[in-house]
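Here are the chains, one letter per residue:
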Amino acid sequence: MELKTRDGLARICKFKNVETPALMPVVNPNLIIIPPEEMQSKFNVEALITNSYIIWKNRKLRERALKEGLHRMLNFSGLIMTDSGTFQQHVYGDVEVNYLDIVNFQREIGTDIGTILDVFTEPYHEREEVKRAIEITAERGKESVKIKGDMLLAGVLQGSIYDDLRRYSARLMERIGFDYFAVGGVVPLMENYRYGDVVRAIINAKKIIDPSKPVHLFGAGHPMFFPLAVLLGIDFFDSAAYVKYARDDRLLFPDGTRHLKDIKYPPFFSPVFDRHDIDEIKKMNKRERERVLAEHNLYMSLEEIKRIKEAIHEGRIWEYAEIRAREHPRLLEAYREILKHRRWLEKYENISKKSAFFYTGAESMKRSIVYRLKKRLKNIPDRPVVVEMKRPWTANLESIPAVTVKTPFGNVPIELEDIYPVAQSEFPWEETENVPDGVKKITREEFDIRKIKMIADYQFGPGAGAALFSGAVKIVKSKNTGKIRNVIVDGEHVASLRAEDGFFSLRIAGARRLHSHFEFKKMRVVVSDDSAEFNRVGKNVFAKFVLDADPDLRPGDEVLIVDKQDNLVAVGKTLMQREEMLHFSKGMCVKVREGIESSKP
Ligand code: GUN
């Protein structure tokens with residue numbers, strides 16, 4: 001996996017030739033409704049999933065797959081994943097295939113990603129039965145990895161509805177050396193709208209497994225659930241829903257499912273409606289209708305993935321998931337379950353986002369970004385006078401009240417007027433102005449100094465402001481907006497204040513000051529000597545060269561790049577937090593702004 005863009009745990013990555021999050025349509029080799037080559041050419045499907053057990057069971061298919069290989073047999077040049085038959089065996093009860101034979105078979109037919117034969121766990125299973133299933137699955141996994149050859153192999157995590165057993169499964173499987181993980185045993189939960197339980201299964205998996213590995217949610221067919229799953233870091237989905245629903249004359253929409261007979265005005269665009277109007281579809285014969293509805297359903301499912309990706313790109317996945325969660329009370333319940341984990345999710349949350357914080361309801365105030373704001377404000381000295389003000393709080397004021405301002409996020413010192421999400425937020429109520437006469441006021445000059453110090457303390461930790469800005473401080477403001485742009489200390493450009501999110505970008509002179517102020521490992525990413533050589537001249541840091549990092553770093557943070565001896569080599573901005581930096585072996589993890597040998601005056 002290579003991380004490209006992220007919004008918290010939600011991520012756009014490259015895995016082989018597939019951009020994730022991705023939906024793998026399920027192709028039943030016995031019953032192809034939309035031919036795989038058409039999925040590729042017409043729907044831009046990059047990966048699909050089929051079932052090796054179904055192929056293996058049917059002599060004709062088996063022989064063809066062995067002779068031609070799976071890609072030729074299905075006429076699909078993209079990524080092919082195969083499932084192992086666990087689900088079929090569990091549902092239909094047959095146990096005719098050995099767990100090693102099915103892995104061998106997947107390798108022989110040229111699957112890109114094979115799956116072990118795991119033991120399915122049901123929500124009604126007793127703990128002991130679930131534990132046993134997990135252990136057998138892990139034992140099978142160990143043996144299966146040995147014979148996988150060049151094929152990538154997916155390890156399936158089970159655990160039913162037991163949080164500790166989900167983590168137990170993840171811990172056992174984590175050690176085995178899989179290339180890919182799948183969260184299994186959730187189909188019965190999905191079918192019964194137990195989304196809160198599915199959310200917990202994903203969270204317990206993600207808390208344990210290597211963040212650089214792809215994570216698949218097995219059988220999460222309905223697009224309605226995709227946003228919540230992606231918010232938690234799911235990279236792959238598979239879905240047979242597009243055919244299953246088509247068979248029953250049902251149409252998938254991002255906001256739920258509708259029966260064909262009930263639709264008069266199709267609520268969303270679909271290319272299918274371009275070709276046929278809804279009454280025409282109603283009159284089609286069964287086969288024709290099934291094909292057209294399957295196309296619609298596939299289109300809608302893929303469309304949802306696109307919307308999610310755009311939301312990640314815009315930095316509004318939380319808002320998007322929150323809005324989508326309102327489409328079913330059980331989804332909202334699941335979203336509330338996610339919010340219980342906001343402290344853990346905060347570790348992955350970007351420092352700021354391209355989009356403003358949009359309030360959609362009471363739940364918004366429990367997002368990780370709000371948790372962070374409140375936590376960091378606890379370390380910032382408060383002022384007794386609390387007032388109400390309209391934003392921008394201090395624009396055009398020559399003397400500034402030394403106050404704390406009441407905001408929907410809580411009380412915020414006036415100096416932090418520009419930081420994300422305080423300034424970049426929208427609420428469905430009017431702001432009011434209520435500054436009592438006689439409050440102590442300070443000059444703009446004094447305020448500016450307090451402001452830069454307080455932002456630095458908030459952004460980098462207590463004491464950073466004093467460390468960065470002691471000496472002869474010169475503040476350079478924008479001619480257009482009058483806002484602070486650059487801070488020069490003793491003739492050195494130390495930092496620039498970003499207009500977008502109100503935080504600092506450090507220059508190497510600023511990095512030097514923080515480097516001598518903060519003890520090792522605070523704010524540091526430690527790189528190997530091979531990397532340091534390049535970072536010194538301004539080249540970016542790649543994750544595979546990272547030896548260690550400050551656990552408090554968050555994506556989007558300013559960071560000091562140091563060698564093993566803690567010599568400062570560069571300054572930049574992170575894309576990852578510590579565990580990710582240590583696990584990813586591909587891609588950039590710090591975008592370097594300046595190296596000690598590339599610094600400009
Ligand atoms: N398909 C849907 N659920 C599962 C599961 O738990 N395991 C496997 N292997 N496939 C599935």
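A quick note: this is a predicted structure, and the numbers were derived from the prediction, not measured.

J.: Break down the packing of helix 15 (residues 286-314) against helix 16 (residues 317-324) for me, with residues and values.
T.: Between two packed helices, both the angle of their axes relative to each other and the distance between the axes serve to describe the pair. In contact at an axis separation of 8 Å, helix 15 and helix 16 are set at 140 degrees when each is read in the N-to-C sense. Between helix 15 and helix 16, the angle falls in the class oblique. On helix 16, the residues that touch E304, R307, I308, A311 and I312 of helix 15 are I317, Y320 and R324. A class-by-class count of the residues in the contact of helix 15 with helix 16 yields 5 nonpolar, no polar and 3 charged.

J.: Kindly report on the layout of surface pockets, identifying the contributing residues and their values.
T.: The calculated volume of the second largest pocket comes to roughly 660 Å³. Together, 29 residues line the second largest pocket, and R6, N350, S352, K354 and K573 are the ones closest to its centre. Residue assignment for the lining of the second largest pocket shows that the elements contributing at least two residues are strand 1 (2-7), helix 15, strand 29 (568-574) and strand 30 (588-595). With 5 residues, strand 1 is the single largest residue contributor to the lining of the second largest pocket. Residues belonging to the lining of the second largest pocket are distributed by class as follows: 7 nonpolar, 10 polar and 12 charged.

J.: How would you summarise the side chain of E337 if you had to cite specific residues and measurements?
T.: If you trace the backbone, E337 turns up in helix 17 (residues 329-339). Setting aside residues up to four positions removed in sequence, E337 forms contacts with G196, V199 and R200.

J.: Which residues make up the environment of F253, and what are the values?
T.: If you trace the backbone, F253 turns up in strand 12 (residues 250-253). Excluding residues within four positions of it along the chain, F253 makes contact with H222, P223, R258, I263, P267, F268, H296 and M300.

J.: Please set out unusual backbone geometry residue by residue, giving values where relevant.
T.: Look at the link from R391 to P392: it is a cis peptide, with omega at -10 degrees. With respect to the helices, strands and loops of the structure, P392 is situated in the loop between strand 15 (386-387) and strand 16 (399-401). Of note, the amide linkage connecting Y420 to P421 takes the cis form, showing an omega dihedral of 0 degrees. Looking at the secondary structure, you find P421 in the loop between strand 18 (410-413) and strand 19 (425-426).

Conventions and cut-offs
- Residues numbered from 1 in each chain as written.
- Predicted model: local features only at pLDDT ≥ 70, side-chain atom pairs only at ≥ 80, totals over all residues.
- Heavy atoms only, no water.
- Axes fitted to C-alpha atoms, helices over the stretch in contact; angles between N-to-C directions.
- Helix = DSSP H or I, 4+ residues; strand = E, 2+ residues; numbered from the N terminus.
- Parallel < 35°, antiparallel > 145°, perpendicular 65-115°, else oblique.
- Contact = heavy atoms within 4.5 Å.
- Nonpolar A, V, L, I, M, F, W, Y, C, P; charged D, E, K, R; others polar.
- 1 Å grid on protein atoms, 1.4 Å probe; cavity = no way out; pocket = protein on both sides within 12 Å on 5 of 7 lines; lining within 4 Å.
- Points joined across faces, edges and corners; volume = space filled by probe spheres on them.

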